[in-house]
Amino acid sequence: MDQDDEYHGEQSAETVQATHGTRSLYPAVKRRPPSHNKLCEQVRKHLESILGKYTFRERNLVSVEEAEAFALTWDSELQSGPSCCDIDSFRIALDSDPTCAWNMSASRVFAHNFLQKHHSSKVGLNVVAQRFIGRICSLKKKYKQCRGGTALRLTALQHGRRMSRKNNVLFHRRRWVFNRHPDLRRHLDVIDKLGVAGMSSDDSDHEQFPAERRSTARPGQSISFVVLKPQWRSELLSEVLHLTDSLYPLLRTADTDDLRGAAPHHRIRVNTIWSRSRKFPKGQPRNSYDYAWRMRKSDLEFIVAPAPDYNYDEVARILRR
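Residues numbered from 1 in each chain as written. Predicted model: local features only at pLDDT ≥ 70, side-chain atom pairs only at ≥ 80, totals over all residues. Heavy atoms only, no water.

The geometry of an aromatic ring pair is captured by two quantities: the separation of the ring centres and the angle between the planes. Enumeration over the complete set of coordinates arrives at twelve aromatic pairs. Considering the side-chain rings of W176 and Y248, the 5.6 Å spacing of their centres and the 80 degrees angle between planes classify their relative orientation as edge-to-face. Taken together, the residues W176 in helix α5 (residues 125-180) and Y248 in helix α7 (residues 235-253) connect sequence positions 72 residues apart. Like Y248, W176 is buried. With centroids separated by 5.4 Å and ring planes inclined at 50 degrees, the aromatic side chains of Y310 and Y312 adopt a geometry described as tilted. By relative accessible area, Y310 is classed as partly exposed at 27%. An aromatic cluster is defined as three or more aromatic residues linked by ring pairs; in this entry it consists of F90, F110, F114 and F132. The ring centre of Y248 lies 5.1 Å from the NZ or CZ of R173, which sits over that ring. (Phe/Tyr/Trp six-rings, centres within 6.5 Å; stacked < 30°, edge-to-face > 60°. Helix = DSSP H or I, 4+ residues; strand = E, 2+ residues; numbered from the N terminus. Buried < 20%, exposed > 50% of the residue type's maximum accessible area, 1.4 Å probe, protein only. Lys NZ or Arg CZ within 6 Å of the ring centre and 35° of its normal.)

Structure follows, in structure tokens:
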């Protein structure tokens, strides 16, 4: 590889800009517009005014049995059916999926009442309903932690911080590969759009495997990690990311005799075991998502909001060369 393609960390900002144009080495922070944050705050406060200060009181919650019984009356394809409750007896389902039939119906009841109280709001019914579902996701997580006690909340906090560090490193490693390879730079938006969230919290998860399955290494040797495929990700996108990970140690050690620092970690794929995480990044190209996973999402356009397909085949061909 040419000298011009050396690792940018060893070059000045002026050299990098002259060599690779004005594109920043790191993606701009995607901040939500003030209008979005304001609406989320209004939805949160309005829901609190309906349910009261103690959201998790029994009178505010729906049992699993009642939610399942209501689901029989709900058309999941058309997202329509009878109202699950009225605003005076408003309840939410935190023991079920955030997008279960009860919560989807409750989102409509909530949205109508919200717009009646906020006459000056210019947002539509569906937007308010979507923000309501987002709030339910947050409440469900808090509800689960509250039921588990202090120990579970502390464990969840530590796990979240650890996964965040892992995903951040993985994101910048893959982005470095795309930015260094001259033919991949024009596809840098693939990684930028995935972002840290698109790396998936279980993408480097090997804790569920016994100790003998985890590879250890002496100083100077590479470490291997067992990794699992996220449920949402398609084979096409997975291949691109796997090839990127395979290319990383080659680029990192190319054209240099300086091998200081930890050796690259080798990632071992397990195709027979899937990640347990149900999280997924929204707004990705449609062919980023697994076909069977998409078919199970009756509210795909509403919750996932997929973008048009991307030419991952071209990216994979470049990586295979």
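There's more to say after this.
Bringing α7 into the picture now. In an α-helix there are 3.6 residues to a turn, and that puts residues three or four apart on one side. Between the first and last C-alpha of α7 there are 28 Å, a value that for 19 residues agrees with the 27 Å anticipated at 1.5 Å per step. When α7 is considered as a whole, its buried residues turn out to be L237, S238, V240, L241, T244, D245, L247, Y248, P249 and L251. (Expected span 1.5 Å × (residues − 1).)

Averaged over all residues, the pLDDT of the chain equals 77, while 69% of them reach at least 70. By mean pLDDT, helix α1 (residues 13-20) is the weakest element of the chain at 42, and helix α4 (residues 101-117) is the strongest at 93. In the model, residues 201-220 has pLDDT below 50 throughout and makes 43 contacts with residues more than four positions away in sequence or in other chains. (pLDDT = per-residue confidence, 0-100. Contact = heavy atoms within 4.5 Å.)

The subject of this paragraph is the environment of W232. Within the fold, W232 resides in the loop between β1 (224-229) and α7. Here W232 falls in the buried class, since its relative accessible area comes to 2%.

Tallied over the entire structure, the rule returns eight salt bridges. In this structure, E314 and R186 form a salt bridge, with 2.9 Å as the shortest nitrogen-oxygen distance. Taken as a pair, E314 in helix α10 (residues 312-320) and R186 in the loop between α5 and α6 (188-194) lie far apart in primary sequence, 128 residues in all. Look at R186 and you get exposed, because its relative accessible area is 51%. (Salt bridge = Lys/Arg side-chain N within 4 Å of Asp/Glu carboxyl O.)

A separate point is the side chain of S96. In this structure, S96 sits in the loop between α3 (64-71) and α4. Judged by relative accessible area, S96 falls into the buried class, the value being 14%. In this structure S96 touches V64, A67 and K140, once residues within four positions along its chain are discounted.

Attention shifts here to the packing of α7 against α10. Following both chains from N to C, one finds α7 and α10 inclined at 25 degrees, their axes separated by 9 Å at the closest point. Accordingly, the angle class assigned to the pair α7 and α10 is roughly parallel. Classified by chirality, the crossing of α10 by α7 is left-handed. Contacts between α7 and α10 involve L236, L237, E239, V240, L243, T244 and L247 on the former and, on the latter, Y312, D313, V315, A316, L319 and R320. Partitioning the contact of α7 with α10 into residue classes produces nine nonpolar, one polar and three charged. (Axes fitted to C-alpha atoms, helices over the stretch in contact; angles between N-to-C directions. Parallel < 35°, antiparallel > 145°, perpendicular 65-115°, else oblique. Left-handed = near helix turned anticlockwise from the far one by under 90°. Nonpolar A, V, L, I, M, F, W, Y, C, P; charged D, E, K, R; others polar.)

The subject of this paragraph is the environment of S121. Tracing the backbone shows S121 in the loop between α4 and α5. Looking at S121, the relative accessible area reads 23%, which means it is partly exposed. Linking S121 and L39, residues 82 residues apart in sequence, is a C-alpha distance of 8.9 Å. If we ignore the near neighbours within four places in the chain, the residues touching S121 are F114 and L115.

Mapped onto the elements of the fold, N113 is located in helix α4. By relative accessible area, which is 11% here, N113 ends up buried. Dropping the residues within four chain positions of it, N113 is found in contact with H46, I50 and I87.

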